[in-house]
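Coordinate inspection notes
The primary structure of each chain is shown beneath.
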Amino acid sequence: MIALTLAGFWYLGVDAFGYVNKDAQGGLNLVFAPVYQLGAGFCTMCIAVTLDWTERRMVGLLSARTRSGG
């Protein structure tokens, strides 16, 4: 998940810098790209924490079930 997120950030950065000289408003990419990167990073963190919490809860429930014998 981290590698996929970093690859997406890299692509967005390359894409943002690629449009700077092609258009008069291309410099706005350099303003908004970091905002999008921070937003995507926060969403990825939330997803990772939620998946980790869910996995730990499921493992805990499974181990409690096997300890109780049923």
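Residues numbered from 1 in each chain as written. Predicted model: local features only at pLDDT ≥ 70, side-chain atom pairs only at ≥ 80, totals over all residues. Heavy atoms only, no water.

**As for the overall build of the chain**
Tallying secondary structure elements over the chain gives two helices and zero strands in all. For a compact globule of 70 residues, the expected C-alpha radius of gyration is about 11 Å, and the chain comes in at 20 Å, more than 25% above that figure. Overall, the chain is about 70 × 15 × 10 Å in size when its C-alpha atoms are taken along their principal axes. The buried share among the 70 residues of the chain stands at 7%. Accessible surface for the chain amounts to roughly 5900 Å². Of this, 70% is attributable to carbon and sulfur atoms. (Helix = DSSP H or I, 4+ residues; strand = E, 2+ residues; numbered from the N terminus. Rg over C-alpha atoms; globule rule 2.2 N^0.38 Å. Buried < 20%, exposed > 50% of the residue type's maximum accessible area, 1.4 Å probe, protein only. Areas by Shrake-Rupley, 256 points an atom, 1.4 Å probe, with all protein chains shown as cover.)

**Considerations on the packing of helix α1 (residues 2–18) against helix α2 (residues 28–68)**
α2 packs onto α1 with a crossing angle of 170° between their chain directions and a minimal axis gap of 10 Å. It follows from the interaxial angle that α1 and α2 lie roughly antiparallel. Contacts between α1 and α2 involve Thr5, Phe9, Leu12, Gly13, Ala16 and Phe17 from the former and Asn29, Leu30, Ala33, Tyr36, Gln37, Ala40, Gly41 and Thr44 from the latter. (Axes fitted to C-alpha atoms, helices over the stretch in contact; angles between N-to-C directions. Parallel < 35°, antiparallel > 145°, perpendicular 65-115°, else oblique. Contact = heavy atoms within 4.5 Å.)

**Side note on the packing of aromatic side chains**
Across all of its chains, the model carries one aromatic pair by this definition. Ring centres of Phe32 and Tyr36 lie 6.5 Å apart, and the angle between their planes is 25°; on these two criteria the pair is classed as stacked. Of this pair, Phe32 and Tyr36 both sit in helix α2, four residues apart, roughly one helical turn. Given the relative accessible area of 42%, Phe32 is considered partly exposed. (Phe/Tyr/Trp six-rings, centres within 6.5 Å; stacked < 30°, edge-to-face > 60°.)

**Comments concerning α1**
Here α1 is 17 residues long and its end C-alpha atoms lie 24 Å apart, about the 24 Å a rise of 1.5 Å per residue gives. Among the structural elements, α2 are those in contact with the buried residues of α1. (Expected span 1.5 Å × (residues − 1).)

**Side note on the pattern of salt bridges**
Taken as a whole, this structure holds one salt bridge when the rule is applied. The closest approach of N and O atoms between Arg56 and Asp52, which form a salt bridge, is 3.0 Å. Note that Arg56 and Asp52 are positioned in helix α2 at a spacing of four residues, about one turn of the helix. Using a relative accessible area of 34% as the deciding quantity, one classes Asp52 as partly exposed. (Salt bridge = Lys/Arg side-chain N within 4 Å of Asp/Glu carboxyl O.)

**A closer look at a nonpolar patch on the surface**
On the surface, Leu28, Val31, Phe32, Val35 and Tyr36 cluster together into a nonpolar patch covering about 500 Å² of accessible area. Within the secondary structure, Val31 sits in helix α2. (Patch = residues over 30% accessible without salt bridge, like charges linked within 9 Å, V, L, I, M, F, W, Y side chains within 5 Å.)

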